[in-house]
Amino acid sequence: MTRFLFSPTHHFAIGLKILNQLVSEMNQSNPGVPLSHHRRIACSFRDQSLLQIFQISLTSLYQLKDDDGSKLQELALSLSLRCLSFDFMGTSFDESSDEFGTVQVPSSWRPALEDPSTLQIFFDYYALNKTSLSKEALECLVRLASIRRSFFVNDATRLKFLAHLMIGTKEILQTGKGLTDHDNYHEYCRLLGRFKANYQLSDLVNMEGYRDWIRLTAEFTLKSLESWQWASGSLYYLLGLWSRLVTSVPYLKGDAPALLDEYVPKIVEGFVSSRLDSLQDEFSDDLSENLLDNVELLQDQLDCIPHLCRFQYERCSVYILTVMEPILQIYMEEARLQASADGSELSLVETKLAWIVHIVAAILKIKQFNSFSGESQEKIDAELSARVLQLVNVTDSGLHRLRYGEISKQRLDHAILTFFQHFRKLYVVDQAADSSKQLYTRLSELLGLHDHLLVLNLIVGKIATNLKCYMVGEEIISHSLSLFFDMASGYMTGKLLLKLDTVKFIISHHSRDHFPFLGDYRCSRSRTTFYHTIGLLIFMEDSLLKFRTSMDPLLQVFVSLESTPEEMVRTDTVKYALIGLMRDLKGIAMAINSRKMYSFLFDWLYPAHMPLLLKGISHWSDIPEVTTPLLKFVAELVLNRSQRLIFDSSSPNGILLFREVSKLIVCYGSRVLALPNPVDIYASKYKGIWISFTILSRALTGNYVNFGVFELYGDRALADALDIALKMMLSIPLADILAYRKLTVAYYALLEVLFNSHIVFILNLNTSTFMYIAGSLEVGLKALDTNIVSQCASAIDNLCTFYFNCITLGESPNSPAALNLARHIAEYPGLFPEILKTLFELVLFENCGNQWSLSRPILSLILVSEEMSTNLKAQILASQYFMGTKNSLRELGKCKDACRSKATSFHVL
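The structure displayed is predicted, hence computed values, not measured ones.

With that out of the way, let us pick up the overall build of the chain. Within the chain one finds 45 helices and zero strands. Each principal axis of the C-alpha atoms in the chain carries an extent, and together these give about 90 × 90 × 60 Å. Across the 909 residues of the chain, 53% fall into the buried class. Within the chain, counting contacts between residues at least 6 apart in sequence, those at least 24 apart form 77% of the total. A total accessible area of about 40,500 Å² is found for the chain, and carbon and sulfur atoms account for 53% of it. Separation of charge centres in the chain, based on 86 positive and 97 negative side chains, amounts to 3 Å.

Have a look at this one:
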C-alpha cells in the first residue's frame, strides 16, 4: 500500500480552500432551498463564524507576507475578500447607489477593522506588485473604503481611518506602481470613487495631505482621459468622484480650501479634448465601433459632465465654444459646396459635432448649480444652445441633404434630438418659458428666436425633416417620433403644436408619399408611435370634421384594400398595406381617452370597414406578421380605458362591437387550430392565441355589453367565442402555458373572468375538462407572479362561493350548473382538499405578499366543508411537528456542525 504524505503547507492550503468554499456557499442562495430559510442560516453563520474566519485570513496574511509561496497568499487574500464581500444585510452590492454600495459590517468587527494593521496589510500586499495578488488587495480596500459611517465609534476614529486610506492611495499615485495593469487600474479607480461616496468633502479637505492628494488625483484623471480607449470602463468612477466633490461645495464647512476651482475646469477641458482627439484613431480602426452608437455607455460617460461644467460654468463654456466654433464653421462651409472633396473628413467633422452637441445636451439636463446665479447661467445656456440651433439650420441644407445614409450624419442627428429633449424640458414648457426671459432675450439677439413657440417650431421642423428624408435608419425615425410624442403628450405643449403649420401638414398628409418611412417595413413598429402622436393631436380638438379630414389618408388605404380582388389578396403589396394599416389604427385607438372621441372612431369603422378585418384574418391566419398587428389593434379597440366605451343606454354599439369581436376570434381560432405545429410554435400559434385571450378578457370585463341578451335572443356570438377560446386553451399543454410568460398572464386572466362572470359555462363542461382547468388553477397558485396567484385565488373563491351558495346552503341545488358541479366533485372528491392544502402551505410556509387575496378562497373552502378543513389542519400540524420541524432542525444542526468542524479542523491544522 502506497502511503501519501502531505506537508504542513498542503494542510494549510486545504484549510484555506475549505474556508473559501464555506464562505462562498453561505453567501450564495441555493435554488433548492427557500430564500427565507437560506437567509436564516446565512445570518447565523455571519453572527457566529464569519468574523472568526476573517481574523484567520488576516493572521494568515501577516504570517505569509514574506513568504514566496504565492498560492497560499492568494488563498488567504481571497478569503479576506470573500469575508468583506459577504451579503451582511441580504442585499446585493450595487455601486450605482451609494446607499446599497455601503458595506454593512456588524459592530462586532470594529476592533479588527479599526486596527491600522488591517488596512496596511492590504496596501502591503498591493505593494508586492504581483498580478495575482494586487487586484484582490485593491478589491479588499474598496470594500473597506465602503464601510458605513456609523460603524466607527466617533469622528476621530473615522477620520483616522480616512487618513490611512488617503496616505495609502497617495503613495500609489506618487509611485504609479501596478497601475500599468488594467485590472489594477480599474480597481484603483473604483477605490478613488468610494472616497466621496462614504466621506464628506469637509472630512477630505481637513486631512493633512489633502492638497497633494487632490493634485495627484487630478493629474491621474487627466492622464486617464488622454488614454480614453484603454481606460473607458474606469473613467466612470473618476468622473463620479469629481462630480460628487463639486456638488458638495455649497455644503462645505470651515475655511480649508477645496482647491476644486483649479482642477475641475482642467478636467472638463481634458474630457472634451480627449474625446475629439481620439476620434481620428477610431475612424482609422472601424467606423462602426463608436461610443456614440451605444446609448447606455454614452450616458455613463456624460452623467457627471453637467455638474462639472456648471461648477465653473463661464470658463468651461468658453472652452467648449472655442472648440466648437471652428468645427461648426467648417461644417457650414461644406453645406455651400456642391460636392465634398473628402467624404471621410466631413464624417469626422460630423462626429466631432455630434460629441459636442451631446456634451451641451448633457449640460442642459440640470438648469443651474446651487448657490450660483441662475440668470448668468441662463445666458451661458443661451450661448451654447444658439450654436446648436444654428447647426440645426445647416444640417439639412446644401451638401448635407445628400448624406442621410451616412452613419456620421445619423450620429449628429441623434445628438441634436437628444439636445432638443433636454432643452425642451428646461425652456420650452410653459412654466419654464415664463421664467427664462434671460435665455430668450439672448437667443433673440443671436438668432431672432424671441420665444418658446419659435423654438418649438424649429424642433418640429427638424422632426418633420427627419421623417421625410430618412429612407432608412430605424433608430433616427424612432428617436424623432419619441421626441414628437413627448411634446404632444403634454396638454399645453400639445395645444402649442396645433398652432404650427408643420404640425397641421403632418396631421393632414400622413401618407407614405410625404413620409417615406411609412413604406419601409423595417419601420413598421414606429408607425404605431407616429399615429399615436397624431391621434393625441387630433383629439385635442373636439371636432368630428377634423377627425374625418385627418383620417382621409387611412380611408384611402381601406378603400384600396377593400376593392382588391380575392385572387390578389395573398400578395406582398396587400400584406404590407394591411400590416401598416393595423399598426396605424392601433396608434389612433391608443390616443383615445373619452367617450366622444371613441364614438368618432367606432362610427368611422363600423359597419363600413369592419369586414376588412375579418377578411384579413380569414386570408392571412397562417401568417403571424399579419395576424399579430391585426389582433393587437382589436385588443386596443375593445379596451375600456378611462370608461371610453360607455355607450348611451339606447345604443346597441356595445353588442355590435362584441359580435364583431366574436366573429374575429372564431375565425382566427378555428383556422389556427387546424394548422400543423411548426418549429417556432410560439411565434406561429401561441402569440396569436394569447392576444385572442386578451381580446376576449377585455371584452368580457369592459362593462359595455349585457351578455344575457345573446342567450335571450338566440345569438351565438358569446357561446361561439367561449367555445373557441376553450378549444384554444385545451390545445396548449399546461407546461407550454407556464413556459411563456405572456401566454401565462393571458390564460389566467381569462380564467379569472370566466369564473367570475361566466361560471355556468365552466360548470357545464365535461368532468375531465373541468378538472383540467381546476388543476391549472392549483398550479397557478404556486406561480412566482403575485398577479397570477391573485387571479387564481379569485377564480377558486368564485367557484367555492358558488358551491357554498347553491349546494351547501341549498339555494338552488337542482339548477343544471349546481348539479354539474356536484357531479364533478363527486367524481373527484379530493379537489377542494388539495386546493385548500396548497393555500395553507402558501400562507404558512412561503413568503407571499398577497395573503389577503389568498385568505378569500381559504374562507370559502372552509365554509364549503368545515370537517374537511379541520382534518386538513390536523394533518398539517402533525406533519409539521413530526417531520417539518424535525427536518429543519436537523438541517440547521448539520450546517452548524459543518461550519464548526471545518473551522476546528483548520485550527488543528
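Bringing the packing of aromatic side chains into the picture now. All chains considered together, the criterion is met by 33 aromatic pairs. Here the aromatic rings of Phe658 and Phe710 are separated by 5.5 Å at their centres, their planes lie at 50 degrees, and the arrangement is tilted. With Phe658 in helix α33 (residues 653-674) and Phe710 in helix α35 (residues 708-712), this pair connects stretches of sequence that are 52 residues apart. Here the two residues Phe658 and Phe710 agree in accessibility, since each one is buried.

Moving on, we get to the environment of Ser768. One can find Ser768 in helix α40 (residues 767-780). Taking relative accessible area as the criterion, Ser768 reaches 52% and is therefore assigned exposed. A distance of 2.7 Å separates a polar atom in the side chain of Ser768 from a polar atom in the side chain of Asn766.

This part covers the packing of helix α18 (residues 374-395) against helix α21 (residues 437-447). In the contact formed by α18 and α21, the axes pass within 8 Å of each other and the chain directions differ by 40 degrees. Two packed elements cross with a definite hand, and for α18 against α21 that hand is right-handed. In contact with Glu375, Glu378, Lys379, Asp381, Ala382, Glu383, Ala386, Arg387, Leu389 and Gln390 of α18, α21 contributes Lys437, Gln438, Leu439, Arg442, Leu443, Leu446 and Leu447. A breakdown of the residues in the contact of α18 with α21 according to their chemical character gives seven nonpolar, two polar and eight charged.

Take the nonpolar core next. Residues Trp109, Tyr210, Leu260 and Phe658 are the most contacted members of the largest nonpolar core, which totals 314 residues. The dominant element in this core, judged by the number of residues it contributes, is helix α17 (residues 343-363), at 13 residues. Not counting residues up to four positions away in its chain, the partners in contact with Phe658 are Leu696, Ala699, Leu700, Val705, Phe707, Phe710, Ala717, Leu718 and Ala721.

Sizing a probe to match a water molecule and rolling it over the atoms shows the empty space that remains. Tallied over the entire structure, the rule returns one cavity of 30 Å³ or more. Looking at the lining of the largest cavity, the elements with two or more residues in it are α29 (572-590) and α31 (610-620). Ranked by residues supplied to the lining of the largest cavity, first place goes to α31 with four residues. Tallied by class, residues from the lining of the largest cavity come to six nonpolar, two polar and one charged.

What the second largest pocket holds in volume is close to 650 Å³. Together, 29 residues line the second largest pocket, and Arg512, Leu518, Arg527, Val557 and Ala577 are the ones closest to its centre. Every element with two or more residues in the lining of the second largest pocket is listed here: α26 (524-538), α28 (552-562) and α29. The element that contributes the greatest number of residues to the lining of the second largest pocket is α29, accounting for nine residues. Residue classes in the lining of the second largest pocket are distributed as 12 nonpolar, 11 polar and six charged.

A word on the confidence of the model for the chain. When pLDDT is averaged across the chain, the result is 87; 90% of the residues are at 70 or more. Looking at the elements of the chain, mean pLDDT is at its lowest for helix α45 (residues 866-908), recorded as 55, and at its highest for helix α36 (residues 717-730), recorded as 97. With pLDDT under 50 throughout, residues 93-100 is counted as low confidence; its partners more than four residues away or in other chains account for 15 contacts. Segment residues 883-909 is flagged for pLDDT under 50; beyond a separation of four residues in sequence, or across chains, it makes 24 contacts in the model.

On to unusual backbone geometry, then. Cis geometry marks the peptide bond from Tyr606 to Pro607, where omega comes out at 0 degrees. Inspection of the secondary structure puts Pro607 in the loop between α30 (595-605) and α31. Of note, Asn703 is a non-glycine position whose phi angle comes to about 65 degrees, a positive value.

In this section: the side chain of Ser853. Inspection of the secondary structure puts Ser853 in helix α44 (residues 851-864). Overall, Ser853 belongs to the buried group, its relative accessible area being 18%. Excluding its chain neighbours within four sequence positions, the residues that come into contact with Ser853 are Ser790 and Ala793.

Scoring rules and cut-offs
Residues numbered from 1 in each chain as written. Predicted model: local features only at pLDDT ≥ 70, side-chain atom pairs only at ≥ 80, totals over all residues. Heavy atoms only, no water. Helix = DSSP H or I, 4+ residues; strand = E, 2+ residues; numbered from the N terminus. Buried < 20%, exposed > 50% of the residue type's maximum accessible area, 1.4 Å probe, protein only. Contact = heavy atoms within 4.5 Å. Areas by Shrake-Rupley, 256 points an atom, 1.4 Å probe, with all protein chains shown as cover. Lys, Arg positive; Asp, Glu negative; His and termini not counted. Charge placed at Lys NZ, Arg CZ, Asp CG, Glu CD. Phe/Tyr/Trp six-rings, centres within 6.5 Å; stacked < 30°, edge-to-face > 60°. Polar contact = N/O pair within 3.5 Å; in protein donor to acceptor, adjacent residues only side chain to side chain. Axes fitted to C-alpha atoms, helices over the stretch in contact; angles between N-to-C directions. Left-handed = near helix turned anticlockwise from the far one by under 90°. Nonpolar A, V, L, I, M, F, W, Y, C, P; charged D, E, K, R; others polar. Core = buried A, V, L, I, M, F, W, Y, C linked by side-chain atoms within 4.5 Å. 1 Å grid on protein atoms, 1.4 Å probe; cavity = no way out; pocket = protein on both sides within 12 Å on 5 of 7 lines; lining within 4 Å. Points joined across faces, edges and corners; volume = space filled by probe spheres on them. pLDDT = per-residue confidence, 0-100.

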